[in-house]
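Read off the chains here:
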Amino acid sequence: MMELPFNSIEIIQSIDREPGILVAFAAFHPIALLLILLLPLWILKKTGVYIPKETYGIFGVSVTMIIIIGWLMGFASQILLLFTGVSGLRMLMIYFSMYLCISAFVIFNAKSLQKKFLKDTNTKNKKNSY
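As the structure is a computational prediction, the values presented were derived from the model and not from experiment. Each chain carries its own residue numbering, running from 1 in the written order of its sequence. Residues qualify for local features only when their pLDDT is at least 70, as the model is predicted, and side-chain atom pairs are given and counted only at 80 or more; totals for whole chains, interfaces and linings, by contrast, use all residues. Side-chain figures throughout are based on the complete set of non-hydrogen atoms in the structure, without hydrogens or water.

Observations regarding helix α3 (residues 58-84)
Next up, step 1: Runs of E in the DSSP output that reach at least two residues are strands. Runs of H or I that reach at least four are helices, and both are numbered from the N terminus. Take the residue count of a helix, subtract one, and multiply by 1.5 Å to get its expected span. Helix length check: α3, at 27 residues, gives a terminal C-alpha distance of 38 Å against a target of 39 Å (1.5 Å per residue), a fit within 8%.
Next up, step 2: Remark: Gly 85 follows α3 within two positions and exhibits a positive phi of approximately 85 degrees.

Quick notes on the nonpolar core
Next up, step 1: If you look at the biggest cluster of nonpolar residues, it comprises 14 residues, and the most contacted ones within it are Leu 22, Met 91, Tyr 95, Met 98, Tyr 99 and Val 106.
Next up, step 2: Mapped by element, the contributors of at least two residues to this core are α2 (20-47), α3 and α4 (88-108).
Next up, step 3: Among the elements that take part in this core, α4 stands out by supplying 7 residues, more than any other.
Next up, step 4: Excluding anything up to four places from it in sequence, Leu 22 contacts Ile 15, Gln 78, Gly 88, Met 91, Leu 92 and Tyr 95. In this text, buried Ala, Val, Leu, Ile, Met, Phe, Trp, Tyr and Cys residues form a nonpolar core when linked through side-chain atoms within 4.5 Å. The cut-offs for exposure are 20% and 50% of the maximum accessible area for each residue type, with area from a 1.4 Å probe on protein chains only; residues under the lower value are buried, those over the upper are exposed, and the others partly exposed. Whether two residues are in contact is decided by their heavy atoms, any of which lying within 4.5 Å being enough.

A closer look at the packing of α2 against α4
Next up, step 1: Every axis in this analysis is a line fitted to C-alpha atoms, fitted for helices over the stretch in contact. Angles between the N-to-C directions lie between 0 and 180 degrees. Interhelical geometry of α2 versus α4 gives an angle of 25 degrees and a closest axis separation of 10 Å. If you check the angle between α2 and α4, you find them roughly parallel. Residue-level contacts link Leu 22, Val 23, Phe 25, Ala 26 and His 29 of α2 to Gly 88, Met 91, Leu 92, Tyr 95 and Tyr 99 of α4.
Next up, step 2: Throughout this entry, Asp, Glu, Lys and Arg are counted as charged residues, while Ala, Val, Leu, Ile, Met, Phe, Trp, Tyr, Cys and Pro are counted as nonpolar. The remaining residues, Gly among them, count as polar. Partitioned by chemical class, the residues of the contact of α2 with α4 number 8 nonpolar, 2 polar and no charged. For classification purposes, an angle smaller than 35 degrees is called roughly parallel, one larger than 145 roughly antiparallel, one from 65 to 115 roughly perpendicular, and anything else oblique.

Notes on the confidence of the model for the chain
Next up, step 1: The predicted model of the chain has a mean per-residue pLDDT of 83, with 83% of residues at 70 or higher.
Next up, step 2: When mean pLDDT is taken per element in the chain, α4 scores highest with 92 and helix α5 (residues 110-129) scores lowest with 68. One number per residue, pLDDT, summarises how confident the predictor is, and it ranges from 0 to 100.

Notes on α4
One turn of an α-helix holds 3.6 residues; hence residues three or four places apart share an orientation.
Next up, step 1: Compared with the 30 Å implied by 1.5 Å per residue over 21 residues, the 30 Å span of α4 between its first and last C-alpha is a close match.
Next up, step 2: Inspection of α4 places Gly 88, Met 91, Leu 92, Tyr 95, Met 98, Tyr 99, Ile 102, Ser 103 and Val 106 among the buried residues, and these make up the whole buried set. For α4, the angular spread of buried residues about the axis comes to 130 degrees, placing them on one side. Across from the buried face of α4, at angles greater than 90 degrees, the exposed residues are Arg 90, Leu 100, Cys 101 and Phe 108. What the arc measures is the spread of directions leading from the helix axis to the C-beta atoms.

A closer look at the environment of Phe 28
Next up, step 1: Considering the arrangement of structural elements, one finds Phe 28 in helix α2.
Next up, step 2: Here Phe 28 falls in the exposed class, since its relative accessible area comes to 56%.
Next up, step 3: Along the backbone, Phe 28 and Trp 71 are 43 residues apart, and their C-alpha atoms lie at a distance of 8.5 Å.

Topic: a nonpolar patch on the surface
Next up, step 1: Residues enter a patch when their relative accessible area is above 30% and they make no salt bridge; the linking distance is 9 Å between like charges and 5 Å between nonpolar side chains (Val, Leu, Ile, Met, Phe, Trp, Tyr). In short, Shrake-Rupley with a 1.4 Å probe defines the accessible areas, and a residue's cover is counted only from the protein chains shown. Basic side-chain nitrogens of Lys or Arg form a salt bridge, by our definition, when they fall within 4 Å of a carboxyl oxygen of Asp or Glu. On the surface, a nonpolar cluster with roughly 650 Å² of combined accessible area is contributed by Leu 33, Leu 34, Leu 37, Leu 38, Leu 41, Leu 44, Val 49 and Tyr 50.
Next up, step 2: Note on placement: Leu 33 falls in helix α2.

A look at the packing of aromatic side chains
One pair of aromatic rings is described through two measures. These are the centre distance and the angle between the planes.
Next up, step 1: Ring geometry is summarised as follows: Phe, Tyr and Trp rings, the Trp one being its six-membered ring, pair when their centres sit within 6.5 Å, and such pairs are stacked at plane angles under 30 degrees, edge-to-face over 60 and tilted between the two. Scanning all chains against the criterion turns up 2 aromatic pairs.
Next up, step 2: With a centroid separation of 6.2 Å and 75 degrees between ring planes, the pair formed by Phe 25 and Tyr 95 is classed as edge-to-face. Separated by 70 residues along the polypeptide, Phe 25 in helix α2 and Tyr 95 in helix α4 bring together distant segments of the chain.
Next up, step 3: The class for Phe 25 is partly exposed, based on a relative accessible area of 45%.
Next up, step 4: By relative accessible area, Tyr 95 is classed as buried at 3%.
Next up, step 5: Among the aromatic residues, those joined into a ring-pair cluster are Phe 25, Tyr 95 and Tyr 99.

Here it is, written out as structure tokens:
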């Protein structure tokens, strides 16, 4: 039987004992996530394998929306839950379910979000060009 290289039960128990860890994770996870996503792209760009487009594709818009909305709502909700005395395990379940809902919303509405995003940027570019 294969085992994980870390003990996930201990991680969950430590979050339950000290919910501030989850708040810190909610505050700083976008930085780590962006580094994980952008570092391979930077390496591929430097080697000449990857040539970026000037516009975002639907995948880029979706990932950006999930990160931004998840960070803003996640950090705010975890701070509020910490100050109201909710247990760490409940905070973790709320955080996971919130990210699941945000991801599902963005994935199912990606086309309309991309149109809205591109419409807003085109409007700003036209105003700046005059």
